[in-house]
Amino acid sequence: MGSLPIFVLAGAVAGTPSALEVHRADLGAEVLARLDELGPASPEVLLDAVLRLEPPYRFEVGPLAVETDRRWYRSPESPEEGGPLMDLRRWPGDTALLCYVRARRSGQGVPFPGSFASCPARGDWLCQHGQLETPAGSRRAVWVERPAGSARLGCLLVPGDAGLGPAAPAALERELWVLVERMELDLEGLDSLGAVAAEPTGVPDLGFPPGADDERREPWQVAMGFDFTLGLPPGVRSHWMHDALPIPNGVPGGLLWFRGRFVDAKGTRVVIGDGSRAGYVAQVEPDESWRTGTSAPRGAPGARRVRAVAFEPAVELTRATEARAERWREEAFAGEWLVFRLLLPGRGIEIGLPVLEGRQSESLFWIPLTFREYDEPPAPPPIDPARQFGMGFERLSGASRRRNPWIEGYFEAPGLRIEVPAGWWPVVHLRSRDGYPVRFVDRQGHERAVLERLAAPPEPSGEDWQVLERPGRFNARQVLRREDGTHVWVAAEGHAFLLRPGADAPSPEVWGRLLDGIALRPRP
């Protein structure tokens, strides 16, 4: 990873919250102080108390209404037919309550891919629990459904971990049940929607599944800010900060919130944040006290500085003209803060990490090195687990990018090389035997193309395949094309590569450019 200033830090902290601590996470200090008077409580009692202690949020959508505490927010529903009628998320968004209206004439069962089994009914709600299949992996989920005249109301309960670890999904599932049981229903209104109800189509974006947290097996993420990107290790949940959302533990000038835990490349467990603290990116006015590191971090105004050094790697890898790395201690926080200050043209960027475990992990020091402004491509990850499959992605930079502005870089796999269009990057299937299928996504996460490896090519007559002329220009023995744009390149060894448009297919111009930039190569 290069030479980074690793501070010597002592001690170890158990960073595994209990179910009760998960229920209390991200509440304000005043609410927590009053909850302490209750002592241990069930989720139902605790959530009732929270709703009494501060004004609740009330979400109303057509015939549905539900009151929540201030950690919940409404995600924009899909305008497409079959999207959720209501989409509620618990901060930071990986826990979801998705409600759908179905016609009574539609088939029984869970209308989403996965494996589900019946669970005990709760009142009028029939229940099935199991694993939901999403593009990012399998997720724990519950499907509940109840009749309403000519309609049925179905709700998908998907608990995340909010960056709080393995105890969180079970605790957050209980919170989801509390919302369902508190839901107010206009049964006549639901009945009137039954005649025009459409079956659910597609699963909304739910982020990475809980447990995807090992650098040796999972990829780093690209967190999107309003005008920047930041690389984060697997297992870290993030959300950008803006005025339209309630932001727990927000900081002045905050741009990005993140919290989580992971195992780094050396097998060290790392914990960032707890129920009342989170990592952040903030924009600041870089006055002298901030530049010299004498002012306290935005996320820990009462902290005491322990040590500070110049952070030259950030000057080399970002646009910072000056950079500092610092350690701070905060009263009542069992861990320590790592704080990075980047002086950029026209602004200062502060990145704060409240670290409970693994404070000497080099991965923590790589996070600020991945900061990139809006007109730069995201930084390459410091660790690429796809290398275990012989796969790699080399981004263009400098003069090469100016000469080839339509190319982001080159993806290579055994026997294949692809010119990847600008703004795309490959996502390797790390849980598969060989890394396939490989998905190509853009900066918004839209799936543009999918690459598969076939043990043998399809028969040209089997699915309306057309045999193309001049396969040698791709170094292929044969090239097949289907009407939907799918192509197959047959290697001399007999295996083949299939490339098809993704769920969000690119324009014909970009698709054609992608096809022209593919070349087969002899396997080593």
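In this text the structure is predicted, and so the values were computed from the model without any measurement.

**Q** Please provide a residue-by-residue account of the overall build of the protein chain, values included.
**A** From N to C terminus, the protein chain includes 10 helices and 32 strands. For a compact globule of 524 residues, the expected C-alpha radius of gyration is about 24 Å, and the protein chain comes in at 25 Å, within 12% of that figure. Along the three orthogonal principal directions, the C-alpha set of the protein chain runs to about 75 × 70 × 40 Å. Taken over 524 residues, the protein chain has a buried fraction of 53%. Only carbon and sulfur atoms are counted for the fraction: they give 50% of the accessible area of the protein chain, which is about 23200 Å². Of the side chains in the protein chain, 61 bear a positive and 72 a negative charge, and the two mean positions are spaced by 4 Å.

**Q** Which residues make up the sheet that holds strand β11 (residues 221–224), and what are the values?
**A** As summarised here, the arrangement of the 3 strands in space is β11-β12-β21, forming an open sheet in which the pairing is antiparallel. Of all the strands in the sheet, just β11 and β21 (372–373) have a single pairing partner and so form its edges. Pairing of β11 with strand β12 (residues 228–232) involves 4 bridges; the strand directions are antiparallel. By the bridge assignment, A223 is partnered in β12 with L230.

**Q** So, the sheet that holds strand β22 (residues 392–395): which residues are in play, and what are the values?
**A** Strand order across the open sheet formed by 4 strands is β22-β23-β24-β32, with antiparallel pairing between neighbours. A strand with exactly one partner marks an edge of an open sheet, and here the two such strands are β22 and β32 (518–520). Within this sheet the neighbouring strands show an average axis-to-axis angle of 20°, counted without direction. Contacting β24 (416–421) and β32, helix α10 (residues 508–516) runs over the sheet at an angle of about 155° to β24.

**Q** With reference to specific residues and values, describe α10.
**A** Listing the buried residues of α10 in full gives W511, L514 and L515. The arc that holds the buried residues of α10, viewed along the axis, is 100°, so those residues lie on one side. Of the residues in α10, the exposed ones pointing more than 90 degrees away from the buried face are E509 and D516. Against β24, β25 (424–427), β27 (447–454), β30 (487–490), β31 (496–501) and β32 lie the buried residues of α10.

**Q** Residues and numbers for the pairing of strand β23 (residues 407–413), please.
**A** Here β23 lies mainly inside the structure; 6 of its 7 residues are buried. As defined by bridge partners, β22 adjoins β23 across 4 bridges and the pair is classed as antiparallel. In the strand pairing of β23, E394 is matched with Y410. Across 6 bridges, the pairing between β23 and β24 is antiparallel. Within the sheet, the bridge partner assigned to A413 lies in β24 and is L416.

**Q** Talk me through the pattern of salt bridges; I want residue IDs and the actual numbers.
**A** Counting across every chain of the model gives 45 salt bridges. Where R217 meets D214, a salt bridge forms, and the shortest distance between an N and an O atom there is 3.4 Å. Salt bridges sharing partners connect three or more residues here, namely D227, R319, R347, E373, D375 and E376.

**Q** Any details on the nonpolar core? Residues and values, ideally.
**A** Counting residues in hydrophobic clusters, the biggest one holds 32 residues, and the most contacted among them are L230, F258, V281, I351 and L353. If you list the elements that add at least two residues to this core, you get β12, β14 (254–263), β15 (269–272), β18 (322–329), β19 (336–344), β20 (347–357) and α8 (362–369). Ranked by residues supplied to this core, first place goes to α8 with 5 residues. Residues contacting L353, with those up to four places away along its chain left out, are F258, E336, W337, L338, F340, L364 and I367. Within the second largest apolar cluster, 31 residues are counted, among which are V428, A449, A476 and A491.

**Q** Outline the environment of D287, supporting the account with residue identities and numerical values.
**A** Position of D287 among the secondary structure elements: in the loop between β16 (279–284) and α6 (288–291). With 162 residues separating them along the chain, D287 and W125 place their C-alpha atoms 58 Å apart.

**Q** I'd love a proper account of helix α3 (residues 43–53), names of residues and values included.
**A** If you check which residues of α3 are buried, you get P43, L46, L47, A49, V50 and L51. Buried residues along α3 sit in contact with α1 (19–24), α2 (29–35), β2 (64–68) and α4 (168–182).

Basis of the calculations
Residues numbered from 1 in each chain as written. Predicted model: local features only at pLDDT ≥ 70, side-chain atom pairs only at ≥ 80, totals over all residues. Heavy atoms only, no water. Helix = DSSP H or I, 4+ residues; strand = E, 2+ residues; numbered from the N terminus. Rg over C-alpha atoms; globule rule 2.2 N^0.38 Å. Buried < 20%, exposed > 50% of the residue type's maximum accessible area, 1.4 Å probe, protein only. Areas by Shrake-Rupley, 256 points an atom, 1.4 Å probe, with all protein chains shown as cover. Lys, Arg positive; Asp, Glu negative; His and termini not counted. Charge placed at Lys NZ, Arg CZ, Asp CG, Glu CD. Pairing = 2+ DSSP bridges. Axes fitted to C-alpha atoms, helices over the stretch in contact; angles between N-to-C directions. Contact = heavy atoms within 4.5 Å. Arc of directions from axis to C-beta. Salt bridge = Lys/Arg side-chain N within 4 Å of Asp/Glu carboxyl O. Core = buried A, V, L, I, M, F, W, Y, C linked by side-chain atoms within 4.5 Å.

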